[in-house]
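# Observations on chain architecture
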Amino acid sequence: MSESDNLFAPRFSIKDVTIHKKERVYKQFFAMDRYEVSYKQFSGGETKVLVREIFERDADAVAVLVWDEKTDEVALIEQFRPGALKDSQSPWLIEIVAGIIDKGESCEQTAIREVKEEIGIDLKPEDLCFITSEYPSPGGISEMVTLYVAKADLSNLGNHGGLETESEDIRVFKAKLDDAYENVMNGRIHNSVAIIAIMNLKWEKAKIVKRLHNK
């Protein structure tokens, strides 16, 4: 199949973008960069120079859905999120383990570290099954999140996690995968990476089991 026949092949690349100016306009816990850019158009020609602000973490992230195959339970967490202050139900969201990739870490190393820090479970690299990498909001945020399902024994899962040094206060609990999926569908779980991971495990469980056991 030629590129012209493949509807999913990129029509442009970074070479088709001109960055006229970039400056960091804010830096505290997070950062903001302002770009002046132009880029080629599908209709031909090039856009005018556009000013766009981009929210920056200066690092990508991982998220992990920890799953007990024997009981078909998943580990979930609940924590306060300032970005959800306008939520009509609660700014405490139900999520899966997630965190920022530290400098020098691989995605797998971050996944293992974050699972230990947030829910107290020890993982090995072979316990991880890569799901996908996704941009939660590429219209204004540069961050990419890599998602995993991880196999683990959840029989001794605690009820509280997180690091005091990072001001984390995390409620930890486990639930049947079917119940987690139901709460995705009814809107109680509305964190994007949790939705993707839970739906993927629900729909692709046989493939995930095969990949985990063939490592």
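Quick summary incoming for the structure in this document.

Reading the values: the criteria
- Residues numbered from 1 in each chain as written.
- Predicted model: local features only at pLDDT ≥ 70, side-chain atom pairs only at ≥ 80, totals over all residues.
- Heavy atoms only, no water.
- Helix = DSSP H or I, 4+ residues; strand = E, 2+ residues; numbered from the N terminus.
- Buried < 20%, exposed > 50% of the residue type's maximum accessible area, 1.4 Å probe, protein only.
- Lys, Arg positive; Asp, Glu negative; His and termini not counted.
- Salt bridge = Lys/Arg side-chain N within 4 Å of Asp/Glu carboxyl O.
- Contact = heavy atoms within 4.5 Å.
- Phe/Tyr/Trp six-rings, centres within 6.5 Å; stacked < 30°, edge-to-face > 60°.
- Lys NZ or Arg CZ within 6 Å of the ring centre and 35° of its normal.
- Pairing = 2+ DSSP bridges.
- Axes fitted to C-alpha atoms, helices over the stretch in contact; angles between N-to-C directions.
- Disulfide = S-S within 2.5 Å.
- Patch = residues over 30% accessible without salt bridge, like charges linked within 9 Å, V, L, I, M, F, W, Y side chains within 5 Å.
- Areas by Shrake-Rupley, 256 points an atom, 1.4 Å probe, with all protein chains shown as cover.

On the secondary structure map, Glu-134 appears in strand S8 (residues 128-134). Despite its burial, Glu-134 remains without a salt bridge, the nearest opposite charge being carried by Arg-57 at 11 Å. When residues no more than four places from it in sequence are discounted, the contact partners of Glu-134 are Glu-143, Met-144, Val-145, Leu-147, Ser-192, Val-193 and Ile-196.

Right, let's talk about the packing of aromatic side chains for a bit. Throughout the structure, instances matching the rule amount to 6 aromatic pairs. With a centroid separation of 4.7 Å and an interplanar angle of 75 degrees, the aromatic rings of Phe-29 and Phe-30 are classed as edge-to-face. Judged by centre distance (6.2 Å) and plane angle (75 degrees), the rings of Phe-130 and Tyr-148 are edge-to-face. Residue Phe-130 is located in strand S8, and its partner Tyr-148 is located in strand S9 (residues 145-151); the two are separated by 18 residues in the primary sequence. We classify Phe-130 as partly exposed; its relative accessible area is 39%. Among the residues examined, Tyr-148 registers a relative accessible area of 5% and is labelled buried. An aromatic cluster is defined as three or more aromatic residues linked by ring pairs; in this entry it consists of Phe-29, Phe-30 and Phe-55. In this arrangement the basic side chain of Lys-202 is found over the ring face of Tyr-181, its NZ or CZ atom lying 5.4 Å from the centre.

With antiparallel pairing, the 3 strands of this open sheet are ordered in space as S1-S2-S3. Of all strands in the sheet, those with a lone pairing partner are strand S1 (17-27) and strand S3 (50-56), marking the two edges. Across the sheet, the axes of successive neighbouring strands diverge by a mean angle of 25 degrees, strand direction being ignored. The pairing of S1 with strand S2 (residues 31-39) spans 9 bridges and is antiparallel. Bridge pairing links Lys-27 to Ala-31 in S2.

In a disulfide, the sulfur atoms of two cysteines are covalently bonded to one another. The tally for this structure, following the rule as stated, stands at 0 disulfides. Lacking any disulfide linkage, Cys-107 is separated from the closest cysteine sulfur, that of Cys-129, by 14 Å. Taking relative accessible area as the criterion, Cys-129 reaches 1% and is therefore assigned buried.

Together, Ile-14, Val-17, Ile-19 and Tyr-39 make up a nonpolar patch on the protein surface, roughly 380 Å² of accessible area in all. Within the secondary structure layout, Ile-14 lies in the segment before S1.

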